[in-house]
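Here is what each chain is made of, one letter per residue.
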Amino acid sequence: MVRSATNTGNRLFMYSPSFLKIIGFIVVILIFFIPIVRLIFLSFTSEGGLSLEHYYEVLHSPVTWRTLFNTLIIVTGSTILSVILGLLTAWLVAYTNIQNKKLLQAFIFLPFVIPSYITTLAWTQFMGVNGPVALLLNSLPGNLEPMNLYSLTGIILVMGFSHYPLVYLLTISVLRKIPRELEMAAKVSGGSRFTSFRKVTMPLALPGIASGGLLAFLASLDNFGIPAFLGIPANIRVLSTYIYEQIIGFGPSAFAKGATLSVILGIFAIIGTLIQWLLLRRSKQFETSREDHEPRIILSTKKRVIIESGLWFFLISTSLVPLLSMTSTSLIKAYGLDFSLQNISFKHYEFILFSSTKSQEAIQNSLKLASIITLVGLFIGTFIAYLRVRQPSFFNKTIEGMISIPYALPGTVLALAMIFTWLEPLPGWNPGIYGSIWIMYIAYFTRFLILQIRGSVTSLLQIDVSMEDAAMTSGASSYIKWRKILIPLILPGVLSGAFLVFLTALTELTVSSLLWSSGSETIGLVIFNFEQAGYTTHSTAFSTIILLLILVGFLAIFLIQKLWERKVFHNGNRD
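Looking at an unreviewed UniProt entry, one finds the protein chain named ABC transporter permease and attributed to Metabacillus litoralis. According to UniProt, the comment filed for the protein chain under the heading Sequence similarities (unreviewed entry) is "Belongs to the binding-protein-dependent transport system permease family."

Structure (structure tokens):
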């Protein structure tokens, strides 16, 4: 009997990896894939069974076509603006001899790390009737007025300024990998600098530009904060805010209409992805393996100073000054007063931190959500990343692909998919997840896990597998291998991924706006409600607090990385 039991245990042990793989695959399908399928299925379902009734109703509404038109104009306009700004800044940093490039890059990334609804608040104060732009224009002759941000142009402008760092991020690396010999050959052949740029640089940089443009396109399509803050007061709807209005309207077919509009929103995302794929098919892959950080165009001192001044003016006026304007609004006693010493007060900060129950609950909820999702994602995401890097099988690639779907979808689409799945996971069974904070835990985990996986994959790719083999050959157990070899080497990259998950979850608004219930409000939602109710001084004070927390977080990550580099490189552990 003992022998039989031992044989059974050995069989279980022998088959356990396959068994665990099957269990993991089922869990991934249930959590990451089935919700999307249920959302699509509901959009084709009516009381009589499968039908196109909801599509017929939605597409015969003039409001829908006006919304589609607004969405198309705003997303296209902001993507074009993002590509122009991202490509220009990337080219200047990669090709010319301008100075202080690291500091310039920090300012370029500033709009990317700050939540878009905080950026929007900052811009509304910057361009408001009491903002610095209005004060400057009032001092000039003529009846000049600041741009009205509550318009299609205003939404395009703020979106473009918020998303161009995505294009910069993906383009600068490609530009630095273009072989400088090709550009020199074009010049030797008689081509001007513009001809070299048009015939050599642009075609070779197209993969980075197209990838960055696609990210900017998807980010604009997904964005809820900017059109909600600027579009709803001006009665300008886009698909993300129109879905939100349908769901909170609680009409008889609100969820079905929301599902139908979500499928249409998803079709927009697929069209954008197809355009990027077509561009990449026609692009040329010809690049060096290493990035060339040396400048290729040496500007004269006069030209360099002019370009640096223009670039710094653009960066400071589009990223720093709006934030300072928002902070100044949060410090005045009442909205509309001038910013002067006698009008300065900290009472709005006192209200947010010590008096407002909603604000305190929102801070607690967001901190709990972000902390738990980060901690769980840290272990699960790094484990999946390890399998993906060390065992790049079709199965593991499929798992990663499924996990990435919720992040690629617009947030409103994912939120609706979560509602349909967890409202009644099985026919006749309501576990009570929808309407509680637990659905937000599931939605956040589903949406942000891929960020941790990508951060951990990048770190693991830098570790040669021979180091693990050497440790195992020396008799080290798996625990010792991880504790002594892998964790010290991948720690900065893994922590950077974890910080990105924490930051994104802490300031999330799009998913929360459809999944929140009483007692589960988040930071983004309370700021949005303050602004919608007209309490601008409260919303700006709350946003400034979050902004300071973000800066403290970045400082902490920077210090950890510096300490790690000092410890690892000084001890020679890299070798």
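Enquirer: Before we move on, could you go through unusual backbone geometry and cite the residues and values that matter?
Expert: For Asn100, which is not a glycine, the phi torsion comes out positive at approximately 55 degrees. Locating Asn100 in the fold gives a position in the loop between α3 (62–95) and α4 (101–113). Classification of Asn100 as exposed rests on a relative accessible area of 52%. Despite not being glycine, Asn235 has its phi angle at roughly 60 degrees, a positive value. Of note, Asn235 is situated in the loop between α10 (225–231) and α11 (239–249). Given the relative accessible area of 56%, Asn235 is considered exposed.

Enquirer: I'd love a proper account of the UniProt feature "domain: ABC transmembrane type-1" (unreviewed entry) in the protein chain, names of residues and values included.
Expert: In this numbering, the UniProt entry assigns the feature "domain: ABC transmembrane type-1" (unreviewed entry) to residues 68–276 and 363–559. Here residues 363–559 is 80% helix and 0% strand, with 25 Å between the C-alpha atoms at its ends.

Enquirer: Explain the nonpolar core to me, using residue names and the numbers behind them.
Expert: Ile403, Met418, Ile453, Leu515, Ile527 and Phe542 are the most contacted members of the largest nonpolar core, which totals 99 residues. Tallying contributions element by element places helix α18 (residues 438–461) first for this core, with 14 residues. When we break this core down by domain, the ones giving at least three residues each are domain 1 (41–330) and domain 2 (347–574). Contacts of Met418, omitting those with residues within four sequence positions, involve Ile31, Pro35, Leu423, Ile439, Ile442, Ala443, Thr446 and Leu515. If you look at the next biggest cluster of nonpolar residues, it comprises 44 residues, including Ile98, Leu104, Tyr168 and Ile236.

Enquirer: Can you lay out the domain arrangement of the protein chain for me, pointing to particular residues and giving the numbers?
Expert: How big an interface is tends to be reported as the loss of accessible area on association of its parts. Examined at the domain level, the protein chain breaks down into domain 1 (41–330) and domain 2 (347–574). Across the domain 1 to domain 2 interface the summed buried area is about 2800 Å²; carbon plus sulfur atoms make up 75%. Residue assignment for the side of domain 1 that touches domain 2 shows that the elements contributing at least two residues are α5 (116–126), α10, α11, α12 (254–282) and α13 (301–331). Partitioned by chemical class, the residues of the side of domain 1 that touches domain 2 number 19 nonpolar, eight polar and one charged.

Enquirer: Quick rundown of the side chain of Thr507? Include the residues and the values.
Expert: As for its position among the elements, Thr507 is in the loop between α20 (478–506) and α21 (510–515). Look past the residues within four positions of Thr507 in its chain and what remains in contact with it is Pro115, Tyr117, Ile546 and Ile550.

Enquirer: Tell me about helix α7 (residues 152–177), and name the residues and values.
Expert: Structurally, the α-helix is built with 3.6 residues per turn, so residues lying three or four positions apart point the same way. The end-to-end C-alpha distance of α7, which contains 26 residues, comes to 37 Å, matching closely the 38 Å that a straight helix rising 1.5 Å per residue would cover. At Ser162, α7 shows its strongest bend, of approximately 35 degrees, with the proline Pro165 following within four residues. Among the 26 residues that make up α7, 19 are buried, leaving the element largely enclosed by the rest of the structure.

Enquirer: Can you break down the packing of aromatic side chains residue by residue, with the values?
Expert: Considering all chains together, one arrives at 23 aromatic pairs under this definition. Where Trp438 meets Tyr441, the ring centres are 5.3 Å apart and the plane angle is 35 degrees; that geometry is what we call tilted. Here Trp438 pairs with Tyr441, and both are found in helix α18, just three residues apart, close to one helical turn. Take Tyr441: its relative accessible area is 12%, and that puts it in the buried class.

Enquirer: Describe the side chain of Asn343, and please don't skip the residues or the numbers.
Expert: Among the secondary structure elements, Asn343 is positioned in the loop between α13 and α14 (347–355). Owing to a relative accessible area of 14%, Asn343 belongs among the buried residues under this scheme. Ignoring any residue separated from it by four or fewer positions in sequence, one finds Asn343 in contact with Leu331, Ile332, Lys333, Leu337 and Asp338.

Enquirer: Could you give an account of a nonpolar patch on the surface, naming the residues involved and the relevant values?
Expert: A cluster of nonpolar side chains, namely Ile40, Phe41, Phe44, Leu50 and Leu52, defines an oily patch on the protein surface of about 510 Å² accessible area. As for its placement among the helices and strands, Ile40 is situated in helix α1 (residues 2–43). Among the residues examined, Ile40 registers a relative accessible area of 39% and is labelled partly exposed.

Enquirer: Before we move on, could you go through the packing of helix α8 (residues 180–188) against helix α9 (residues 193–222) and cite the residues and values that matter?
Expert: Where α8 contacts α9, the two axes come as close as 9 Å, and the packing angle between them is 150 degrees. When the interaxial angle is binned, α8 and α9 end up roughly antiparallel. Between α8 and α9 lies a crossing whose hand is right-handed. Contact residues: Leu182, Glu183, Ala186 and Lys187 in α8; Arg193, Ser196, Val200, Thr201 and Leu204 in α9. Split by residue class, the contact of α8 with α9 holds four nonpolar, two polar and three charged.

Criteria and thresholds
- Residues numbered from 1 in each chain as written.
- Predicted model: local features only at pLDDT ≥ 70, side-chain atom pairs only at ≥ 80, totals over all residues.
- Heavy atoms only, no water.
- UniProt positions renumbered as here; feature names shortened; annotations may be inferred.
- Helix = DSSP H or I, 4+ residues; strand = E, 2+ residues; numbered from the N terminus.
- Buried < 20%, exposed > 50% of the residue type's maximum accessible area, 1.4 Å probe, protein only.
- Core = buried A, V, L, I, M, F, W, Y, C linked by side-chain atoms within 4.5 Å.
- Domains from an automatic or database assignment.
- Contact = heavy atoms within 4.5 Å.
- Buried area = accessible area lost by both parts, 1.4 Å probe.
- Nonpolar A, V, L, I, M, F, W, Y, C, P; charged D, E, K, R; others polar.
- Expected span 1.5 Å × (residues − 1).
- Bend = angle between axes of the 7 residues up to and from the residue.
- Phe/Tyr/Trp six-rings, centres within 6.5 Å; stacked < 30°, edge-to-face > 60°.
- Patch = residues over 30% accessible without salt bridge, like charges linked within 9 Å, V, L, I, M, F, W, Y side chains within 5 Å.
- Areas by Shrake-Rupley, 256 points an atom, 1.4 Å probe, with all protein chains shown as cover.
- Salt bridge = Lys/Arg side-chain N within 4 Å of Asp/Glu carboxyl O.
- Axes fitted to C-alpha atoms, helices over the stretch in contact; angles between N-to-C directions.
- Parallel < 35°, antiparallel > 145°, perpendicular 65-115°, else oblique.
- Left-handed = near helix turned anticlockwise from the far one by under 90°.

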